[in-house]
Amino acid sequence: MAQIDAGEILPNDHVQQMAAEGRVTQMHRGHQYADEGDTFEIDGTEFEVTDVTHRTLGDMTDEDAQREGSEDLAAYKNRMKKVHASFEWDDDSEVVRHRFAPADE
């Protein structure tokens with residue numbers, strides 16, 4: 001278990017603020033950036049990484065998209081295309097889901 005920078009999992013201030021507000025509780029990334037039990041801080045609140053799972057984009061559900069701040073999977077896909085200029089959705093692409101929660105929960 002290690003103390004990591006929030007930016008390792010959450011790519012920008014906007015997403016970090018959404019996590020602080022409880023609107024984002026997981027983040028899929030192209031690589032593993034944390035281990036279960038690692039902690040990070042946002043605005044004085046400590047969060048703990050509760051689950052790290054290797055998956056594919058095709059494994060993602062509407063619930064996953066909602067936990068990442070999107071209305072549903074279609075909205076999530078559109079957001080990814082806007083944020084990453086060269087992004088193309090491929091169900092077989094490997095990703096890593098990082099789930100987290102406030103450490104005191």
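Here we summarise the structure given alongside this text. (Residues numbered from 1 in each chain as written. Predicted model: local features only at pLDDT ≥ 70, side-chain atom pairs only at ≥ 80, totals over all residues. Heavy atoms only, no water.)

By the secondary structure assignment, D5 is in the segment before α1 (13-20). A residue is classified by how much of its surface remains accessible, and D5, at 52% relative accessible area, is exposed. Measuring from C-alpha to C-alpha, the distance between D5 and G37 comes to 14 Å, with 32 residues separating the pair along the chain. At 2.7 Å, the side chain of D5 forms a polar contact with the backbone nitrogen of G7. (Helix = DSSP H or I, 4+ residues; strand = E, 2+ residues; numbered from the N terminus. Buried < 20%, exposed > 50% of the residue type's maximum accessible area, 1.4 Å probe, protein only. Polar contact = N/O pair within 3.5 Å; in protein donor to acceptor, adjacent residues only side chain to side chain.)

With 4 bridges connecting them, strand β2 (residues 39-42) and strand β3 (residues 45-56) associate as antiparallel partners. From the neighbouring strand, E41 faces β3, where its bridge partner is E46. Remark: 2 residues form the turn of the hairpin made by β2 and β3, two consecutive strands paired antiparallel; D43 in that turn has positive phi of roughly 50 degrees. (Pairing = 2+ DSSP bridges.)

Here we come to the packing of aromatic side chains. Scanning the model with the defined rule gives 5 aromatic pairs in all. Centroid distance F40 to F47: 5.4 Å. Interplanar angle 10 degrees. Geometry classified as stacked. Each of the two residues, F40 as well as F47, counts as buried. Geometrically, the ring pair formed by F87 and W89 is edge-to-face, given 6.1 Å between the ring centres and 75 degrees between the ring planes. Owing to a relative accessible area of 23%, F87 belongs among the partly exposed residues under this scheme. Among the residues examined, W89 registers a relative accessible area of 18% and is labelled buried. An aromatic cluster is defined as three or more aromatic residues linked by ring pairs; in this entry it consists of F40, F47 and F100. Of note, R29 hangs over the ring of Y33, and the distance from its end group to the ring centre comes to 4.6 Å. (Phe/Tyr/Trp six-rings, centres within 6.5 Å; stacked < 30°, edge-to-face > 60°. Lys NZ or Arg CZ within 6 Å of the ring centre and 35° of its normal.)

In short, shape yes, function no, at least from these values alone.
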